[in-house]
Amino acid sequence: MTRNVRETVSRLIPDPGKSAMYGVSRLSLFPDLRGSSLTRGSFRLPKDGETNILITSALPYCNNVPHLGNIIGSVLSADVFSRYNRARNRRTVYICGTDEYGTASETAALKERVTPRELCDKYHTVHKETYEWFDIGFDLFGRTSTPYHTEICQSIYLNLGKNGYLEKQVKEQTYCDSCAKFLADRYVEGICPHCGFPDARGDQCDGCSRTLDAIDLIEPRCLLDKSHKVVTRSSSHMYFKLDAIQPRLEEWIKESYRKGKWSPNATTNTEGEIVDARIRSGLHPTPVTRDLTWGVPIPPLGREDDKEMDGKVLYVWFDAVIGYASITANYTPEWQQWWFNPENVKLYQFMGKDNVYFHTIYFPGMLLADGRNWTTLHHVSTTEYLNYEGGKFSKSKNRGVFGPQARETGIPASVWRYYLLATRPETQDAMFSWADCFSTLPNVICTHRFVSFGNFVNRALKFVSSQYNGIIPESGDEPGPLTPNDPLDGEFINEVNTLLRDYVDALESVKIRLGLQTAMLVSNRGNGYLQAAGLSKTLLVENPQRCAQVVSRAVNLIYVLSALIYPYMPSTSEAILEQLNAPARVIPDVFSTDILGGHHIGRPDHLFKPIDEKMEAVWKAKFEGVGGVSQEAPAPKRKPKKTAADNVRTNDAKENGPKSEEALALEARILEHGQYVRSLKEKKEAREVIDAAVVELKKLKTELAVLEKT
């Protein structure tokens, strides 16, 4: 099929994990781009003078199966930001992998009666396959149990020792008489000395999220056998002198917050003031070694106390964060171009709120003490917790949807991604519920709603297929940006350009949820445009030139949407491009004519299928787990939750009858304006601005009510 698309709008940075280099056949499509910085050499490496983006998401423990909360908490959010930057033609690398060393893996292996290596092999595969199904696009999903990891960890440890930031301390440590060995943190449980949580681990309390030393637990218990007697004995360990690096670290935190515009978190507040209690009370030396065998061996420092470190390994909190660099080293042997290049590389790190300390204090402190010119954190993006149906996800109780089970529902990955991102817990904990899921998804993106994303794409492309034999007509618009002073569509073009600015501003600030809302507003504006312009066979007959113009502008808006939705629903974006018969494009700054007259589109088809609402009760029962009903208050019989689309409908007998073009256009405007009001609240605009928008929304609803009574 003939293509007629402006070459300069094409996305040149490949999809994550795909070939890092375009071949001759690819470049032949864009002859005027040959020799540019974007087509020379490998995309695996950053380029001086350009914006280069390095992205990490918190490494998941290699002893469990990820649930929906884990997925939205870091890997999915980071994937959106990674794809956004690729769609801005920026060299981007997204790294993650399984955190494999330490007591978490050792204890899980004991329970499953396998070796730690066998356990990690098993769960690395589970994680990798789960993320692949969710379309999470890592450049490499690696693991920490590699030779590169050992080498880089040991080099940092040696530099800390050389620079005077390691000291030996002889400390009392938990020891199990029956096991005849020291018990590392996760082999011990007990009562938290800070909040009284009864099942605190030896390294961290799940009740208050405080980091702990196992020796501080009240009534400690051996994880292998609770009847074993746990005592204390002396053991020598190396400690990282965080207190010595604190003055430099505080200056770094303030500067990084200012430059990277961190999201509010447990370390800094919205004004950039350091609020972490540990820093405010003064940091203390923290242990970096453990009495284990499954981990990175301690290298000799050339000191008299080296023998006391024989047989010990690096503490998992020390080695895990170094995994970002070591996995990058497994991705490219020239990994140092990413990790020792702060002048040209911006590091964005995504995590849940419980990981903030290790990424904003502990890890940066290590890199500063190491003494080399590391690429350090530019922006930290954190999430609160996503809970499940009034409680917490629990694998032991089979409560909640865990990675592989999401596929079993038959709900496509794009739809899961949409729902999780639309409910991303950015400022407070969020709750997954099947009721909310079913009241949101069918009304927002499935094709049986007029004001839906899928309907806009399908309606416009089917019109091209049926009325123009699948060929874009000559519209009279020049290739390139559309003028905002257009006599017929100036207001429409200006509104789209404003939404594009809002979208880019949101993603540049890593406001993931707001970006998705804005993309949906663009879709809704497209629906409103088709209604207001009156796209129909009648328009084709009475004003063929205007009809061609409307078709061209609608198709080009769909092309824009394919880029806007790419970070959020990449397979949906791919389906749109296939129907358009167009190459992947960049996210634009302004609305342009990029698909030109004479271009042949592909075969139009529905993007989404409605979800059977009967499955709500089925899936809720399936995933409520053991004792799931008792964990919730009995829910009264409820009416289906109203959505924005429902609010623009009347309950009279006319509902199932045909609606006028004017009513349909008003419905689209109401939904669009409702999204606009929500975006104003999300951006915390001035109260008078929000109030004015609410007044306008009420006015539109009143107009619709009056219209439908006539």
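Residues numbered from 1 in each chain as written. Predicted model: local features only at pLDDT ≥ 70, side-chain atom pairs only at ≥ 80, totals over all residues. Heavy atoms only, no water.

Chemist: For this particular structure, what's the right way to read the overall build of the protein chain?
Modeler: The number of helices and strands found in the protein chain is 23 helices and 18 strands. Residues counted as buried form 58% of the 710 residues belonging to the protein chain. By sequence separation, contacts in the protein chain at least 24 residues apart represent 77% of the contacts at least 6 residues apart. About 30100 Å² of surface is accessible on the protein chain, with carbon and sulfur atoms providing 50% of the total. (Helix = DSSP H or I, 4+ residues; strand = E, 2+ residues; numbered from the N terminus. Buried < 20%, exposed > 50% of the residue type's maximum accessible area, 1.4 Å probe, protein only. Contact = heavy atoms within 4.5 Å. Areas by Shrake-Rupley, 256 points an atom, 1.4 Å probe, with all protein chains shown as cover.)

Chemist: Just to check I follow, could you spell out the nonpolar core for this structure?
Modeler: Counting residues in each nonpolar core, the largest one holds 177 residues, and the members touching the most others are Phe-240, Phe-318, Trp-416 and Trp-434. Considering each element in turn, this core owes the most residues, 13 residues, to helix H18 (residues 544-564). Residues Ala-184, Tyr-187, Val-230 and Val-313 belong to the second largest nonpolar core, which totals 15 residues. (Core = buried A, V, L, I, M, F, W, Y, C linked by side-chain atoms within 4.5 Å.)

Chemist: In this structure, what is going on with helix H10 (residues 356-370)? I would like to understand it.
Modeler: Here H10 spans 21 Å end to end across 15 residues, near enough to the 21 Å set by a 1.5 Å rise per residue. Helix geometry: H10 is bent most strongly at Tyr-362, by close to 25°, with proline Pro-364 lying one to four residues after it. For H10, a buried count of 15 out of 15 residues is recorded, marking the element as mostly surrounded by other parts of the structure. In the segment just after H10, Gly-371 is the residue with positive phi, at about 95°. (Expected span 1.5 Å × (residues − 1). Bend = angle between axes of the 7 residues up to and from the residue.)

Chemist: Which parts of the structure should I look at to understand helix H3 (residues 103-112)?
Modeler: Each turn of an α-helix holds 3.6 residues, which means side chains three or four residues apart point in the same direction. Counting buried positions over the ten residues of H3 gives seven, a clear majority of the element. Turning to H3, its buried residues number three or more, namely Thr-103, Ala-104, Ser-105, Glu-106, Thr-107, Ala-108 and Ala-109. Where H3 is buried, its residues meet helix H4 (116-133). At the C-terminal side of H3, Arg-113 shows a positive phi close to 60°.

Chemist: I keep staring at the sheet that holds strand E1 (residues 52-57) and nothing clicks. Help me out?
Modeler: Working definition: the strands of a sheet are paired by backbone hydrogen bonds and lie parallel or antiparallel to each other. In spatial order, the strands read E3-E2-E1-E13-E14; together these five strands make up an open sheet with parallel pairing. Because the sheet does not close on itself, it has two edges, and the strands there are strand E3 (140-143) and strand E14 (377-383). Taking the axes of each pair of neighbouring strands and ignoring which way they run, one obtains an average angle of 25° across the sheet. Direction of pairing for strand E13 (residues 345-352) relative to E14: parallel, over a ladder of six bridges. When the sheet's bridge partners are listed, Tyr-348 is paired in E14 with His-379. The sheet strands contacting helix H2 (residues 68-86) are E1, strand E2 (91-98), E13 and E14, and the helix crosses E2 at an angle near 160°. (Pairing = 2+ DSSP bridges. Axes fitted to C-alpha atoms, helices over the stretch in contact; angles between N-to-C directions.)

Chemist: Help me understand the pairing of E2, please; the structure alone is not making it clear to me.
Modeler: In summary, the side chains of a regular strand alternate between the two faces of the sheet. Counting buried positions along E2 yields eight of eight residues, so the element is predominantly enclosed. In this structure, E1 lies alongside E2, joined through five bridges in parallel fashion. Note on E2: the bridge partner recorded for Ile-55 is Tyr-94. In this view, the connection linking E1 to its parallel neighbour E2 by way of H2 has right-handed handedness. (Right-handed = clockwise from strand over helix to strand, strands pointing away.)

Chemist: Would you mind showing me how to read unusual backbone geometry here?
Modeler: It is generally the case that most residues other than glycine have a negative phi and that most peptide bonds are trans. In this model, Asn-89 sits at a positive phi of 60°, which is unusual for a non-glycine residue. Note that Asn-89 resides in the loop between H2 and E2. Phi is positive for Asn-469, close to 55°, though the residue is something other than glycine. Asn-469 gets classed as exposed once you look at its relative accessible area, which sits at 68%.

Chemist: Please clarify how the sheet that holds strand E4 (residues 166-176) should be interpreted in this entry.
Modeler: Taken together, the four strands give an open sheet; going across it, the order is E5-E4-E9-E10, and neighbouring strands pair in antiparallel fashion. Either end of the sheet is taken by a strand with one partner, and the two such strands are strand E5 (181-182) and strand E10 (286-287). Examined bridge by bridge, E4 and E5 share two bridges and lie antiparallel to one another. Counted as the bridge partner of Tyr-175 is Phe-182 from E5. Across the sheet, H10 touches strand E9 (230-240) and E10, and the angle it forms with E9 is around 50°.

Chemist: Please explain the confidence of the model for the protein chain as it appears in this structure.
Modeler: Note: predicted coordinates in regions of low pLDDT should not be interpreted at a detailed level. This prediction gives the protein chain a mean pLDDT of 86; 84% of its residues lie at or above 70. Confidence over residues 446-451 falls short of pLDDT 50; this stretch has 30 contacts with residues more than four positions distant or in other chains. Taken as a whole, residues 628-659 scores under 50 in pLDDT and shows 39 contacts with residues more than four places along the chain or in a different chain. (pLDDT = per-residue confidence, 0-100.)

Chemist: What is the right way to look at the pattern of salt bridges in this model?
Modeler: Working definition: two side chains of opposite charge can pair if their charged atoms are close together. Applying the stated rule across the entire model yields 35 salt bridges. Across the pair Arg-88 and Asp-589 runs a salt bridge whose closest N-O atoms are separated by 3.2 Å. In this pair, Arg-88 is assigned in the loop between H2 and E2 and Asp-589 in the loop between helix H19 (570-580) and strand E18 (592-593), connecting sequence segments 501 residues apart. With its nearest N and O atoms 3.5 Å apart, the salt bridge here joins Glu-408 to Lys-622. Separated by 214 residues along the polypeptide, Glu-408 in helix H11 (residues 403-408) and Lys-622 in helix H20 (residues 615-622) bring together distant segments of the chain. Note on Glu-408: relative accessible area 52%, which makes it exposed. Since its relative accessible area comes to 47%, Lys-622 is described here as partly exposed. The network of salt bridges with shared partners includes Asp-477, Asp-486, Asp-489, Arg-546 and Arg-553. (Salt bridge = Lys/Arg side-chain N within 4 Å of Asp/Glu carboxyl O.)

Chemist: What is the right way to look at the packing of helix H5 (residues 147-162) against helix H8 (residues 316-331) in this model?
Modeler: In a packed pair of helices, the relevant descriptors are the angle between the two axes and the axis-to-axis distance. Contact geometry for H5 and H8: axes closest at 8 Å, N-to-C directions at 125°. Relative to H8, the element H5 lies oblique. The crossing of H5 and H8 is right-handed. Touching Tyr-148, His-149, Ile-152, Cys-153, Ile-156, Tyr-157 and Leu-160 of H5 are Phe-318, Asp-319, Ile-322, Gly-323, Ala-325, Ser-326, Ala-329 and Asn-330, all from H8. In the contact of H5 with H8, the residues fall into ten nonpolar, four polar and one charged. (Parallel < 35°, antiparallel > 145°, perpendicular 65-115°, else oblique. Left-handed = near helix turned anticlockwise from the far one by under 90°. Nonpolar A, V, L, I, M, F, W, Y, C, P; charged D, E, K, R; others polar.)

Chemist: What is the right way to read the state of the cysteines from this model?
Modeler: Put plainly, a disulfide is one covalent bond tying together the sulfur atoms of two cysteines. This model, assessed by the stated rule, comprises zero disulfides. Free of any disulfide, Cys-205 has its nearest neighbouring cysteine sulfur in Cys-195, separated by 3.6 Å. Since its relative accessible area comes to 0%, Cys-205 is described here as buried. (Disulfide = S-S within 2.5 Å.)

Chemist: Explanation requested: the packing of aromatic side chains in the structure shown.
Modeler: Two measures describe an aromatic ring pair: the distance that separates the ring centres and the angle between the ring planes. For the structure shown, the criterion picks out 36 aromatic pairs. Plain terms: the ring middles of Tyr-324 and Phe-363 are 6.4 Å apart, the flat faces sit at 55° to each other, and that makes the pair tilted. Highlighted residues: Tyr-324 in helix H8 and Phe-363 in helix H10, separated in sequence by 39 residues. Here Tyr-324 matches Phe-363 in class, with each residue buried. On the numbers, 5.9 Å between centres and 75° between planes, the contact of Phe-358 with Tyr-362 is edge-to-face. (Phe/Tyr/Trp six-rings, centres within 6.5 Å; stacked < 30°, edge-to-face > 60°.)

Chemist: Any chance you could explain the side chain of Asn-269 here in plain terms?
Modeler: Looking at the element boundaries, Asn-269 is found in the loop between helix H6 (242-260) and helix H7 (277-281). Within the structure, the side chain of Asn-269 is placed 2.9 Å from the backbone nitrogen of Glu-273, a separation counted as a polar contact. (Polar contact = N/O pair within 3.5 Å; in protein donor to acceptor, adjacent residues only side chain to side chain.)

Chemist: It is not clear to me how the pairing of E13 should be interpreted in this structure. Could you clarify?
Modeler: The element E13 is extensively covered by neighbouring structure, given that seven of its eight residues are classed as buried. Judged from the six bridges that link them, E1 and E13 form a sheet pairing that is parallel. Directly across from Ile-55, in E13, lies its bridge partner Tyr-348. Taken together, E13, H10 and E14 constitute a β-α-β crossover, and its handedness is right-handed.

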